[in-house]
Amino acid sequence: MSVDSIRVSQKEPQVSTDMLQRMYELMWMMRQLDRRAVALQRQGRLGTYAPLEGQEAAQIGSALALRVQDFVFPSYREHAVAYVHGMPLKRILLYWNGRYDGAMPPEGVNLFPVSVPIATQIPHAAGAALAAKLRGLDQIAVTYFGDGATSEGDFHEAMNFAAVMELPLVFFCQNNGYAISLPSRKQTKVQRIAEKATAYGMEGVTVDGNDVIAVYLAMREAVAKAASGGGPTLIEAVTYRMGSHTTADDASRYRDASEVEMWKARDPILRAENALRERGAFSEEWVTQVRKHAEEIVTEAILDMQSEPPVTLDQLFDHVYRDMPKELAIQKQEALSRQAKGESVRG
Amino acid sequence: MANTTLIGAITDALRIALQQDERVIILGEDVGKNGGVFRATEGLQEEFGETRVMDTPLAEAAIIGASIGLAVNGMIPIAEIQFLAFAYPAYEQLVSHVSRIRMRSQGRFSAPMVVRAPYGGGIRAPELHCDSPEVIFAHVPGLKVVVPATPYDAKGLLLAAIADPDPVLFFEPMRIYRSFREEVPEGYYTVPIGKARVVQEGTDCTVFAWGAMVPVALQGADLARKQHGISVEVIDLRSLSPLDRDAIRDSVMKTGRAVVLHEAPRHAGFGAEIVATINDLALDALMAPVMRVTGYDTPYPLFALEDAYMPDAARVAEGIVQAMNYEIGARL
Ligand SMILES: Cc1ncc(C[n+]2csc(CCOP(=O)(O)OP(=O)(O)O)c2C)c(N)n1
Ligand SMILES: [Mg+2]
């Protein structure tokens, strides 16, 4: 497989203009949220944060192709996937502000919490897909991971497991060029990560990850295939991490500004804008409205996050087990009285 | 002498080891151009080249598994695991192979290597980056587990670990990577593995700690002295495996009371091993039960609650005072 075989969107429109406008709107909004989150971290008002800038099309295009019932197993950078699949922005921010209420999706949202240890979420998706199959549900599982994750055993074990069992599952790899400082070419000897599917007897597809329509179509096809008993697919979305790995990282240590500039020209939002213009669906009036609306939603989410009551010790103790063991209950009491004492000293 | 931080002392030790012995190589994630996520290997790839300081694919089982092959075939690997909680994919290699190859081959093969990993809480790091799972490694026969608490010890213990004939896990308390500086000798020296250090002498009660809890132990001792006039001895264990049982005995024989301090959960924590050691060797001197000041028996929380989780000086002082106030027979 060569780079030429990367799928891009077709000339004739396969998604409606309404859908394309929705894609644009979501991408714009998530980029604003992302930039605000980075700024908040700089001001000490958010913890270490993993920015997604540059990967909006890969995330939003793929998430829009899912059905509500599908079960998503993300890594830590999929804020846009989480949002599209039903996670409120406020909770996404709470997680990055050091709180486990930010890892809890609303009732009925099939979204597993962020997985920090690389590739560990991939086998979970295989299990969820197996459950869907065993229970005869009209549901598939999707797991998101990076290029770096494909070097871990968990990735290979889950790929083989899913292929052998013909599971309703989509493996969605965002190849954003880097695993922290390690470029993809030093991570793997194959040109395209999608080639790895071959070894497991699975279909592998590479898609231009900055082309939101192409991503959407590739994902829609893989979802339909999985849902109709056609088995798993590995999708590689070729994209680029515009920012540093996290707010604790400095990407200028290991990559050239010229490379970043090159990818700026392939900006996914700009490309969606161009596609909309071609269809005559990008008026100043419309975009002003869209941006204003996005701004409002993002600002509200941040204010909501900031006005959340302070976290209590319940969050630490109450859900370790369903029924709290006696010893833990004693420890919780100790912690509460220490906290009360500390507060009376301060107050 | 150079005035340096704990992490600066580690870089210094790594540089000396690379200079001294051609067989020494460093491997791990982001250790090359990036110099490690904490910059422990800063500048080393530039100085020694890509064959001595190697970025590996993102694969911990392979990093540690390959280190065994490197070691049995004539190299001296120093593997970096980015954060200790990411060593779990390699746990099988550590438990099933690294620790046993000498015994299984009756001495024909051995796997001298060093595995470095930052660990511990207190810096508002993301989920799982803050765990303190040293006890699950200390439980494995055949592994040595070392934790420095000062720049001087970091350099000397790391050089000793690299020279050690057996595998050494070298756990770095990231909370104190840069929290203070100290004069550290230039050039090569070692600090013996398996010897505790008396940080501060005292007569009423001993506090045992390691890593980032050593400064907390000192602060707690200070509080207990100021508020209650208690004379506290503080011991930095420095090595959990092997454990300096003599130092534990000697101190408790003198003070008659003890507090063990660690960040990790209490249940089956390493503190229990210290309590058992006191039971074995110093029971006759004990005037109070040994107090445990530890993390709670919960997963390490996200950072909004980490201050409530982490033992602090007040909790250490509380433990010391409890030991002092204990009346023999009170629980009868
Ligand atoms: C098991 C494990 N090892 C190491 C790390 C540290 N780490 C966090 S992110 C990362 C790179 C991941 O790269 P990739 O899979 O490409 O995802 P990306 O960050 O680019 O989205 C590493 C090494 C980790 N979180 N888990
Ligand atoms: Mg990546």
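The residue count restarts for each chain, going from 1 along the sequence in the order it is written. In the order they appear in the text, chains get letters beginning with A and ligands get numbers beginning with 1. Owing to the predicted nature of the model, reporting of local features is limited to residues with pLDDT of at least 70; listing and counting of side-chain atom pairs is limited to 80 or more, with chain, interface and lining totals taken over all residues. Just so you know, side-chain values use all the structure's heavy atoms and leave hydrogens and water out.

Things to note about the pairing of strand β5 (residues 114–119) of chain B
All names here are of chain B. Where we set the bar: To sort residues, take the accessible area from a 1.4 Å probe on protein chains only and compare it with the maximum for the residue type: under 20% means buried, over 50% means exposed, and anything in between is partly exposed. The secondary structure listing takes helices from DSSP runs of H or I that are at least 4 residues long and strands from runs of E that are at least 2 residues long, numbered from the N terminus. Pairing between strands is defined by DSSP: at least two bridges between them are needed.
Of all 6 residues in β5, 6 are buried, a share of seventy percent or more. Side chains Val114, Arg116 and Pro118 project from β5 onto one buried face, and the interleaved Val115, Ala117 and Tyr119 project onto a second face that is buried too. Relative to strand β7 (residues 168–173), β5 is paired through 6 bridges, and the arrangement is parallel. For Ala117, the partnering residue across the bridge sits in β7 and is Phe171.

Structural notes on the packing of helix α2 (residues 56–64) of chain A against helix α8 (residues 212–227) of chain A
Residue and element names in this part refer to chain A. In plain terms, the rule: Lines fitted to C-alpha atoms define the axes, with helix axes restricted to the stretch in contact, and inter-axis angles between N-to-C directions lie between 0 and 180 degrees. Comment on the angle field: the value is read as roughly parallel under 35 degrees, roughly antiparallel over 145, roughly perpendicular from 65 to 115, and oblique elsewhere. Handedness of a crossing is defined here by the sense of rotation of the near helix relative to the far one, left-handed for an anticlockwise turn of less than a right angle and right-handed for a clockwise turn. A contact between two residues is defined here by any heavy atoms of the two lying within 4.5 Å. Residues are sorted three ways: Asp, Glu, Lys and Arg are charged, Ala, Val, Leu, Ile, Met, Phe, Trp, Tyr, Cys and Pro are nonpolar, and all the rest, Gly among them, are polar.
Remark: α2 packs on α8, axes separated minimally by 7 Å, with the N-to-C direction vectors making an angle of 40°. The angle between α2 and α8 falls in the class oblique. The way α2 lies across α8 gives a crossing that is right-handed. Contacts between α2 and α8 pair Ala57, Ala58, Gly61, Ser62 and Leu64 from the former with Val212, Val215, Tyr216 and Met219 from the latter. When its residues are assigned to classes, the contact of α2 with α8 shows 7 nonpolar, 2 polar and no charged.

Points about the UniProt feature "domain: Transketolase-like pyrimidine-binding" (unreviewed entry) in chain B
Our working rule: UniProt positions are given in the numbering used here, feature names are shortened, and annotations may be inferred rather than shown by experiment.
Taking the UniProt record as the reference, the feature "domain: Transketolase-like pyrimidine-binding" (unreviewed entry) is found at residues 4–179 of chain B. End C-alpha to end C-alpha, residues 4–179 of chain B measures 10 Å, and it is 36% helix and 16% strand.

Describing the interface of chain B and chain A
Spelled out, the test is: Buried area is understood as the total, over both parts, of accessible area removed when two parts are fitted together, assessed with a 1.4 Å probe. Salt bridges are counted wherever a side-chain nitrogen of Lys or Arg sits within 4 Å of a carboxyl oxygen of Asp or Glu. Any N or O atom pair separated by 3.5 Å or less is treated as a polar contact, with the protein-specific requirement of one donor-capable and one acceptor-capable atom, and with residues adjacent in sequence counted only for side-chain atom pairs.
Across the contact, 37 residues belong to chain B and 41 residues belong to chain A. Carbon and sulfur atoms supply 56% of the area that chain B and chain A bury against each other, a total of about 3200 Å² over both sides. One can count 3 salt bridges joining chain B with chain A. Two residues, Lys341(A) and Glu318(B), come together in a salt bridge whose shortest N-O distance is 3.8 Å. Connecting chain B to chain A are 10 residue pairs in polar contact (both at pLDDT 80 or more). Secondary structure elements with two or more residues in the side of chain B that touches chain A: α11 (306–309) and α12 (313–325) of chain B. In terms of residue class, the side of chain B that touches chain A is made up of 18 nonpolar, 6 polar and 13 charged.

Side note on the site of ligand 1
What counts, and what does not: Definition of nearness: a residue and a molecule or strand are near each other if at least one heavy atom of the residue lies within 4 Å of the molecule or strand. All accessible areas in this document rest on Shrake-Rupley with a 1.4 Å probe, and a residue is counted as covered only by the protein chains that are shown.
Around ligand 1, the surrounding shell holds 20 residues, and the nearest of these are Tyr76(A), Arg77(A), Gly148(A), Tyr178(A) and Glu60(B). In this structure, Ala149(A) approaches ligand 1 through a main-chain N or O atom, which is 3.0 Å from an oxygen atom. One nitrogen or oxygen atom from the side chain of His245(A) is found 3.4 Å from an oxygen atom belonging to ligand 1. With the chains in place, 96% of the 580 Å² that ligand 1 exposes on its own is no longer accessible. Each residue belonging to the shell around ligand 1 can be placed in one class, and the counts come to 10 nonpolar, 5 polar and 5 charged.

Description of the layout of surface pockets
Our working definition: Computed over the protein atoms alone on a 1 Å grid, cavities are sets of points where a 1.4 Å probe fits but cannot get out and pockets are open sets with protein on both sides within 12 Å along at least five of seven lines; a residue lines them when it has an atom within 4 Å of a point. Grid points are joined across faces, edges and corners, and a volume is the space filled by probe spheres set on the points.
Of the pockets and cavities examined, the second largest pocket occupies roughly 700 Å³. Arg338(A), Gln339(A), Gly342(A), Asp312(B) and Ala314(B) are the residues nearest the centre of the second largest pocket, which is lined by 26 residues in total. Here the lining of the second largest pocket takes 8 residues from helix α13 (residues 326–346) of chain A, the largest share from any one element.

A look at the pattern of salt bridges
When their charged atoms lie close together, side chains carrying opposite charge are able to pair. Residue and element names in this part refer to chain A. Throughout the structure, instances matching the rule amount to 42 salt bridges over all chains. Lys264 is paired through a salt bridge with Glu261; the nearest N and O atoms lie 3.2 Å apart. Within this pair, Lys264 and its partner Glu261 are both found in helix α9 (residues 257–264), separated by 3 residues, close to a single helical turn. Within the structure, one salt-bridge network assembled from shared partners comprises Arg31, Arg35, Glu53, Glu56 and Asp267.

Things to note about the sheet that holds strand β10 (residues 205–209) of chain B
All names here are of chain B. The strand order across the open sheet formed by 5 strands is β9-β11-β10-β13-β14, and the pairing between neighbours is mixed. The open sheet has two edge strands with one neighbour each: β9 (197–200) and β14 (291–295). Across the sheet, the axes of successive neighbouring strands diverge by a mean angle of 25°, strand direction being ignored. In this structure, β10 lies alongside strand β13 (residues 258–265), joined through 3 bridges in parallel fashion. Residue pairing in the sheet places Phe208 in a bridge with Val260 of β13. Contacts between helix α9 (residues 245–255) and the sheet are confined to β10, β11 (232–236) and β13, with β10 contributing the most and set at about 155° to the helix.

Here we look at unusual backbone geometry
Residue and element names in this part refer to chain B. Here Ser241 and Pro242 are connected by a cis peptide whose omega angle stands at -5°. You will see that Gln106, though not glycine, has its phi angle at about 50°, which is positive. Although it is not a glycine, Leu128 sits at a positive phi angle of roughly 70°. Checked against the element boundaries, Leu128 lands in the loop between β5 and α6 (134–138). Given the relative accessible area of 26%, Leu128 is considered partly exposed.

With respect to the coordination of the magnesium ion (ligand 2)
All names here are of chain A. Cut-off, in case you're wondering: A donor here means any N, O or S atom no more than 2.8 Å from the metal (3.2 Å for Na, K and Ca); water is not included, so a site may seem to lack partners.
Protein coordination at the magnesium ion (ligand 2) comes from Asp147 (OD), Asn176 (OD1) and Tyr178 (O), with a distance range of 2.0 to 2.1 Å. Read in sequence order, the donor residues coordinating the magnesium ion (ligand 2) give the pattern D-x28-N-x1-Y. Taken as a pair, Asp147 in the loop between β2 (141–146) and α6 (153–164) and Tyr178 in strand β4 (residues 178–179) lie far apart in primary sequence, 31 residues in all. What makes Tyr178 buried here is its relative accessible area of 8%.

Re empty space enclosed by the protein
Residue and element names in this part refer to chain A. Taken as a whole and assessed by the stated rule, the structure comprises 5 cavities of 30 Å³ or more. The wall of the largest cavity is formed by 17 residues, among which Ala82, Met87, Ile92, Gly102 and Val114 lie closest to the centre. Secondary structure elements with two or more residues in the lining of the largest cavity: α3 (79–84) and α4 (89–96). With 3 residues, the single largest contributor to the lining of the largest cavity is α4.

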